[in-house]
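Working through the structure, step by step
Next come the chains, spelled out residue by residue.
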Amino acid sequence: MATQSIDVKVASNGRMILPASVRKAMGLHGDAKVILTVEDDQVRLSPIGHGVSRAQALYREHAKQARTIDDFLSDRKAEAVTEAGGSSYSDRHGNSA
């Protein structure tokens, strides 16, 4: 997309209206959320879905092997046991989970 500069009025309460051409270019329809990034004196708006899509693409690019959520949770539980000195939460609190 080409760079485009548009003057937009910011009301005293902080509200502003994104022009239809900007919403269309960003793929925003109806009520939508955006990520607002402030860097120095500049603001960048990004559709929230684009950030998720970029993160997923980066993960796929760098992931060495396919892992499930259960694999991840199992690893985190093992790490927690190691950090707790070898006993699990249920061992320390008498729960059988």
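The sections below set out a description of the structure shown in this document. Since the model is a prediction, treat every value here as computed from it, not as a measurement.

With that out of the way, let us pick up a nonpolar patch on the surface. On the surface, Ile6, Val8, Val10 and Met16 cluster together into a nonpolar patch covering about 310 Å² of accessible area. Relative to the helices and strands, isoleucine 6 is located in the segment before α1 (20–26). Isoleucine 6 gets classed as partly exposed once you look at its relative accessible area, which sits at 36%.

This model, assessed by the stated rule, comprises 1 salt bridge. In this structure, arginine 76 and glutamate 79 form a salt bridge, with 2.6 Å as the shortest nitrogen-oxygen distance. Taken together, the residues span about one helical turn, with arginine 76 and glutamate 79 both in helix α3 (residues 69–83) at a distance of 3 residues. Among the residues examined, arginine 76 registers a relative accessible area of 32% and is labelled partly exposed. A relative accessible area of 40% means that glutamate 79 is categorised as partly exposed.

Below, the discussion takes up unusual backbone geometry. Within the chain, aspartate 40 stands out as a residue other than glycine whose phi angle is a positive 55 degrees. With respect to the element layout, aspartate 40 can be found in the loop between β1 (34–39) and β2 (42–47). For aspartate 40, a relative accessible area of 75% translates into the label exposed.

Procedures and definitions
- Residues numbered from 1 in each chain as written.
- Predicted model: local features only at pLDDT ≥ 70, side-chain atom pairs only at ≥ 80, totals over all residues.
- Heavy atoms only, no water.
- Patch = residues over 30% accessible without salt bridge, like charges linked within 9 Å, V, L, I, M, F, W, Y side chains within 5 Å.
- Areas by Shrake-Rupley, 256 points an atom, 1.4 Å probe, with all protein chains shown as cover.
- Salt bridge = Lys/Arg side-chain N within 4 Å of Asp/Glu carboxyl O.
- Helix = DSSP H or I, 4+ residues; strand = E, 2+ residues; numbered from the N terminus.
- Buried < 20%, exposed > 50% of the residue type's maximum accessible area, 1.4 Å probe, protein only.

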